Amino acid sequence: MKTEAGEVKEVDPSTAVEAVEDNALMRIGGRLRRSNLHDLEHPNGDLFVADLLDYALKDDGASMEAPIFSLATKPDLRVWKWVSKDGNKSLEVTPSVKGRATQHDKDILIFLVSQMTEGLNLERPDAKGRTIRFCVYDYLVKTNKSTGGKEYKRLEESLERLSGTRIKTDIRTGGERIKESFGILDSWKIVEKAPNKSVMVAVEVTLSKWLYNAIQAFEVLTIDSAYFQLRKPLEKRLYEIARKHVGKQSGWKIGLELLREKCGSQAELREFRRMIKEIAKDNALPNFFFTLDDRDNVTFLPKDKNRLLGLLS
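Please read these numbers as outputs of a predicted model, since none were measured by experiment. (Residues numbered from 1 in each chain as written. Predicted model: local features only at pLDDT ≥ 70, side-chain atom pairs only at ≥ 80, totals over all residues. Heavy atoms only, no water.)

Participant: Just to check I follow, could you spell out the overall build of the protein for this structure?
Facilitator: Of regular secondary structure, the protein possesses 10 helices and 15 strands. Within the structure as shown, the protein displays about 15,800 Å² of accessible surface, and the carbon and sulfur contribution to it stands at 49%. (Helix = DSSP H or I, 4+ residues; strand = E, 2+ residues; numbered from the N terminus. Areas by Shrake-Rupley, 256 points an atom, 1.4 Å probe, with all protein chains shown as cover.)

In structure tokens form, the structure reads like this:
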């Protein structure tokens, strides 16, 4: 089993049994199987059951482009406004009393977007609805989190921030502009708890129409699973920006101040420069690395040697 640090660790049998009970799983033929999610049937297709086991991770292009999520590690209660450099896109994000949704909270959306996108690829009719039911244990494992009780509490807090954070934007998704203010998630609820315990097992969420439109139009990009091994919110945001803008190019350059705006960082430029240098030195971003020159230009480059040679030739 993977721990939070990513190393492989032996699991105590008694702990494993308790984890199975907590997550309402059954052991059949030596394999773990969910006791409830596979057996649900919804002929009207209004509920997507996130029960896929083999799928590529996807991130939606709209939230990769705009700095919706807070990089703060403490409750961020400020209203955040952003306008693109060309003035064609704008965004206003209003937090709830519990704070603005964070970059770490976005892990939930990536998990849901990935599941629903694969459901559409498989032409599953239930992937046409905005409501998704998922097993919490599956989410924690896929996003490289521990399966201890604290992570269940953190998930609940993330769902609260995602549903409480309001967005007003002119960024189109699926060719449609949602003009009114809306939550990142319309709603969420716990639909199953572990027997004799308070730990949530299954959760239902209803996506905002804005995010739903992006998924249905396949306005998504594949991301590396190592994204979930990044611990700093700024690292995750930098990876998103690199993945969005480098694409299949040999590299991509941006000024430091503009990068700070695209990241949604509230830090002073001097402090942001220090953080960028530190992350560049760590070189932890999947598939990409970046350099900062004396003129405050940041250049993102692919770690793939063939693509890098194309830039140098």
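Participant: Can you walk me through the environment of lysine 142 in this structure?
Facilitator: For lysine 142, the location among the structural elements is in helix α4 (residues 136-142). Taking relative accessible area as the criterion, lysine 142 reaches 29% and is therefore assigned partly exposed. Along the primary structure lysine 142 and phenylalanine 111 are separated by 31 residues, whereas in three dimensions their C-alpha atoms are 7.7 Å apart. Once you skip the residues sitting within four places of it in the chain, lysine 142 turns out to touch Tyr55, Leu57, Phe111 and Phe228. (Buried < 20%, exposed > 50% of the residue type's maximum accessible area, 1.4 Å probe, protein only. Contact = heavy atoms within 4.5 Å.)

Participant: Explain the pattern of salt bridges to me, please; I cannot follow it from the model alone.
Facilitator: Pairs can form between side chains of opposite charge whenever their charged atoms are close. The tally for this structure, following the rule as stated, stands at 25 salt bridges. A salt bridge links glutamate 151 to arginine 154; its shortest N-O distance comes to 2.8 Å. Placement of both glutamate 151 and arginine 154 in helix α5 (residues 149-164) is noted, with a separation of three residues, approximately one turn of the helix. Arginine 154 sits in the partly exposed class, given a relative accessible area of 42%. What you see here is one network of salt bridges that share partners, running through Lys232, Glu271, Arg274, Glu278 and Asp282. (Salt bridge = Lys/Arg side-chain N within 4 Å of Asp/Glu carboxyl O.)

Participant: Is there a simple way to explain the nonpolar core in this structure?
Facilitator: One recurring pattern in soluble globular proteins: nonpolar side chains tend to sit buried together. By size, the foremost hydrophobic cluster in this structure holds 77 residues, and its most contacted members are Ile68, Phe134, Val205, Leu238, Leu259 and Phe300. Setting aside anything within four residues of it in sequence, one finds valine 205 in contact with Leu112, Arg130, Thr131, Ile132, Phe134, Leu159, Leu185, Ser187 and Trp188. (Core = buried A, V, L, I, M, F, W, Y, C linked by side-chain atoms within 4.5 Å.)

Participant: Any chance you could explain unusual backbone geometry here in plain terms?
Facilitator: Excluding glycine, residues mostly carry a negative phi; peptide bonds, for their part, are mostly trans. Even without being a glycine, asparagine 287 presents a positive backbone phi close to 70°. With respect to the element layout, asparagine 287 can be found in the loop between α9 (269-282) and β14 (288-292). In this structure asparagine 287 comes out as partly exposed when scored by relative accessible area, which is 39%. One non-glycine residue, aspartate 296, lies in the positive phi region at around 60°.

Participant: Help me understand the packing of aromatic side chains, please; the structure alone is not making it clear to me.
Facilitator: Both the distance between ring centres and the angle between the ring planes are used here to describe each pair of aromatic rings. Within this structure, the stated rule accounts for nine aromatic pairs. A centroid spacing of 5.6 Å and a plane angle of 75° characterise the contact between phenylalanine 111 and tyrosine 139, whose relative ring orientation is edge-to-face. Of this pair, phenylalanine 111 sits in helix α3 (residues 106-121) while tyrosine 139 sits in helix α4; the two residues are 28 residues apart in sequence, bridging distant segments of the chain. Here phenylalanine 111 and tyrosine 139 have matching classes, each one buried. Between the aromatic rings of phenylalanine 290 and phenylalanine 300, the centroid separation amounts to 5.3 Å while the plane-to-plane angle is 45°, which identifies the pairing as tilted. Within this pair, whereas phenylalanine 290 is found in strand β14, its partner phenylalanine 300 is found in strand β15 (residues 297-302), the two being separated by 10 residues in sequence. Ring pairing ties together the aromatic residues Tyr227, Phe228, Tyr239 and Phe288, which thus form one cluster. A cation sits over an aromatic face here: lysine 142 above tyrosine 55, 4.4 Å from the ring centre. (Phe/Tyr/Trp six-rings, centres within 6.5 Å; stacked < 30°, edge-to-face > 60°. Lys NZ or Arg CZ within 6 Å of the ring centre and 35° of its normal.)

Participant: Before we go on, may I ask you to explain α5 in this structure?
Facilitator: Owing to its 3.6 residues per turn, the α-helix aligns residues three or four sequence positions apart on the same side. With 16 residues, α5 extends 23 Å from end C-alpha to end C-alpha; this agrees with the ideal 22 Å at 1.5 Å per step. Turning to α5, its buried residues number three or more, namely Glu151, Tyr152, Leu155, Ser158, Leu159, Arg161, Leu162 and Ser163. Contacts from the buried residues of α5 go to α3, β7 (131-135), α4, β9 (182-183), β10 (185-193) and β11 (200-207). (Expected span 1.5 Å × (residues − 1).)

These figures come from the coordinates and say nothing about function on their own.
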